[in-house]
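The primary structure of each chain is shown beneath.
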Amino acid sequence: MSRPLKVMISAGEASGDRLGAGLARSLFALQPGIEILGMGGDEMAEAGVRLVQHAKDVAVVGFVEVIKHLPTIRRVMAGLESALRDEHPDVLVPIDFPDFNLRLASRAAPFGVPIVYYVSPQVWAWRKGRVRAMRELVRRMLVLFPFESAFYEAEGVPATFVGHPAAAAHAHAVRDELLPRLGFDPRRPVVALLPGSRAGEAGRLFPVLLQAAEAIAHSHPGTQFAVPKARTIPAGFLEGIAGRARIPGLATLEGEYPGILEVADAAAVASGTATLDAALAGVPFVAVYRMQFLSYLIAKALVRVDHIALPNLVAGARIVPELVQGACTPDAIAGELGRFLDDPARAEALRTGLSGVRAQLRGDGAFDRAASAVLEEALRPRV
């Protein structure tokens, strides 16, 4: 080729940033000299991706919240469209984030840029009508769960199951080493609180989790609370909320994820990719979520699945307790956490169920398989 191969990636959330970073590293390893640009977060930038837009500018959730941020979202979209026009990428790789990325894919079509969509939007759960747009726009889907490839093939969309990178074998954190380094006592219980990767959802959910933590601190004196902070959360945001609660033994953490989940005794986790991280860490946890009321009513009318937590969807059964919207109260969360702390048999039964989730995923080599598929499509002659 007369110029280096060029790949454009678009990731709008913390989970997508992490996946985009792993994909980029594999692309650099498999294709030396490749150029990678696009939208992502700090992890993608650290992996060598040249960011033309930052994910924090579009990391909002909920129908009402998106409307409030429309001017910023439109500005970011315009910037990425300009990059498509000026940079002439050989392939565009949107990562999940469908409301934004499907629109971006439609902007890429006039420039003749092929689309390889990495990480399936949950069209099998809600808004199945988006499959029509994907059939028209996407050359190939790269999916993380085995059941997704069968779904897409039935819908006429070429799909490849590449495996879930989070399930790759790795050395787990050691409790007696990690906790003292973070200022925690390994002899005392540790509860992890994950309020979400976006400021809007964290702002709604974190105060509820803190009230639950207060109840646990009262019923289980000496319990410690760890709050791993997503990089997409603004600096000082969680600390400001936590400071008003004054819960002893609580600390926000950066850069210790998912290790803190691997050594925690229990966790409350916002619905989303973090629930799969918790499952793969083997920590007994409760999945929690709250949206603005109008957004919740709209979502409830559209969603077509029985579970919100990814491990439950993979397992096809509710192995992880779920507390959503009105059921997501401090007392209910504290009750679930307390049962995990008080009943080792209950906690172990959940760990056993979570091990089955890992068994269904092909973690080792997942990024390399995804990168190989991206390169294959980027090098294929355009029609």
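Above this note sits the structure.
Everything numeric here is computed off the predicted structure, so don't read it as measured data.

1. Considering the overall build of the protein
Right, so step 1: Across its full length, the protein holds 17 helices and 13 strands.
Right, so step 2: In terms of overall size, the protein behaves like a compact globule, its C-alpha atoms giving a radius of gyration of 21 Å where 383 residues would be expected to give roughly 21 Å.
Right, so step 3: Principal-axis analysis of the C-alpha atoms gives the protein an extent of 65 × 40 × 40 Å.
Right, so step 4: Residue pairs in contact within the protein that sit at least 24 positions apart in sequence constitute 68% of those at least 6 positions apart.
Right, so step 5: Total accessible area on the protein is roughly 15800 Å²; 54% of this is exposed by carbon and sulfur atoms.
Right, so step 6: Across the protein, the mean location of the 41 positive side-chain charges is 5 Å away from that of the 40 negative side-chain charges.

2. Considerations on the pairing of strand 8 (residues 190–194)
Right, so step 1: Summarising burial for strand 8: five of the five residues are buried, a large majority.
Right, so step 2: In strand 8, alternate side chains face the same way, and those of Val190, Ala192 and Leu194 on one face and Val191 and Leu193 on the other are all buried.
Right, so step 3: Here strand 8 pairs with strand 9 (residues 224–228) via three bridges, running parallel. By the bridge assignment for strand 9, Ala192 is matched with Ala226.
Right, so step 4: With helix 9 (residues 199–219) bridging strand 8 and the parallel strand 9, this β-α-β connection has right-handed handedness.
Right, so step 5: As judged from the four bridges shared by strand 8 and strand 11 (residues 266–270), these two strands associate in the parallel manner. Across the sheet, residue Val191 finds its bridge partner in strand 11, namely Ala266.

3. Some remarks on the pattern of salt bridges
Right, so step 1: In total, this model carries 26 salt bridges according to the counting rule given.
Right, so step 2: The shortest N-O distance in the salt bridge between Arg140 and Glu377 comes to 3.2 Å. Of this pair, Arg140 sits in strand 6 (residues 140–143) while Glu377 sits in helix 17 (residues 366–379), and the two are 237 residues apart along the sequence.
Right, so step 3: What makes Arg140 buried here is its relative accessible area of 14%.

4. Quick look at the nonpolar core
Right, so step 1: Counting 56 residues, the largest nonpolar core has Phe285 and Ile333 as its most contacted members.
Right, so step 2: Top element by residues in this core is helix 9. It accounts for nine residues.
Right, so step 3: If we skip the residues at most four places from it in the chain, Ile333 touches Val208, Leu209, Ala212, Ala268, Val286, Val288, Leu323 and Cys328.
Right, so step 4: One finds Ile9, Leu19, Met44 and Tyr118 within the second-largest nonpolar core, a separate group that totals 38 residues.

5. Let's talk about unusual backbone geometry
Right, so step 1: Of the consecutive residues Tyr257 and Pro258, the connecting peptide bond is found in the cis state with omega at 10 degrees.
Right, so step 2: When you line up the elements, Pro258 lands in the loop between strand 10 (250–253) and helix 11 (259–263).
Right, so step 3: Phi angles above zero are rare outside glycine, and Phe97 is one such case at about 45 degrees.
Right, so step 4: Of note, Phe97 is situated in the loop between strand 4 (91–95) and helix 5 (98–108).

6. A short note on the packing of helix 1 (residues 14–30) against helix 17
Right, so step 1: Across the interface, helix 1 lies against helix 17 with an axial gap of 8 Å and an inter-helix angle of 65 degrees. When the axis of helix 1 is compared with that of helix 17, the two are roughly perpendicular. For helix 1 against helix 17, the interelement crossing comes out right-handed. Facing helix 1, whose interface residues are Arg18, Leu19, Gly22, Leu23, Ser26, Leu27 and Leu30, helix 17 presents Phe367, Asp368, Ala370, Ala371, Ser372, Val374 and Leu375.

7. Here we look at the sheet that holds strand 13 (residues 322–324)
Right, so step 1: Reading across the sheet, the six strands line up as 10-9-8-11-12-13 and stay open at both edges, with parallel pairing between neighbours. Of all the strands in the sheet, the pair left with one neighbour each is strand 10 and strand 13. Taken pair by pair, the neighbouring strands of this sheet meet at an average axis angle of 20 degrees, ignoring direction.
Right, so step 2: In this structure, strand 9 lies alongside strand 10, joined through four bridges in parallel fashion. Each bridged residue has a counterpart across the sheet, and for Ala226 the counterpart in strand 10 is Ala251.

Definitions and cut-offs
- The residue count restarts for each chain, going from 1 along the sequence in the order it is written.
- The model is predicted, so local features are restricted to residues of pLDDT at least 70 and side-chain atom pairs to those at 80 or more, both for listing and for counting; the totals for chains, interfaces and linings are taken over all residues.
- Side-chain metrics in this entry use all non-hydrogen atoms of the structure; hydrogen atoms and water are not considered.
- The numbering of helices and of strands both runs from the N terminus, where a helix is a DSSP run of H or I of at least 4 residues and a strand a run of E of at least 2.
- Within these notes, the globule rule equals 2.2 Å times the number of residues to the 0.38 power, and the radius of gyration is based on C-alpha atoms.
- Any two residues whose heavy atoms approach within 4.5 Å at even a single point are treated as in contact.
- For accessible areas, the Shrake-Rupley method is used with a probe of radius 1.4 Å. Any residue's cover is judged against the shown protein chains and nothing else.
- Charged residues are defined here as Lys and Arg on the positive side and Asp and Glu on the negative side; His and the ends of the chain fall outside this count.
- A charge is said to be at NZ when it belongs to Lys, at CZ for Arg, at CG for Asp and at CD for Glu.
- Summary of the burial criterion: residues with accessible area below 20% of their type's maximum are buried, those above 50% are exposed, and those between are partly exposed, where the area comes from a 1.4 Å probe applied to protein chains only.
- Two strands pair if DSSP finds at least two bridges between them.
- Consider the strands pointing away from the viewer: the crossover is right-handed when the path from the first strand over the helix to the second runs clockwise.
- Salt bridges are defined as contacts in which a side-chain nitrogen from Lys or Arg sits within 4 Å of a carboxyl oxygen from Asp or Glu.
- Residues belong to a common nonpolar core when they are buried Ala, Val, Leu, Ile, Met, Phe, Trp, Tyr or Cys residues joined through side-chain atoms within 4.5 Å.
- Angles here are taken between N-to-C directions and fall from 0 to 180 degrees, while the axes themselves are lines fitted to C-alpha atoms, restricted in helices to the stretch in contact.
- Orientation labels follow simple angle bins: below 35 degrees gives roughly parallel, above 145 gives roughly antiparallel, 65 to 115 gives roughly perpendicular, and whatever is left gives oblique.
- Crossing handedness is defined as follows: a turn of the near helix away from the far one that is anticlockwise and smaller than a right angle gives a left-handed crossing, while the clockwise case is right-handed.

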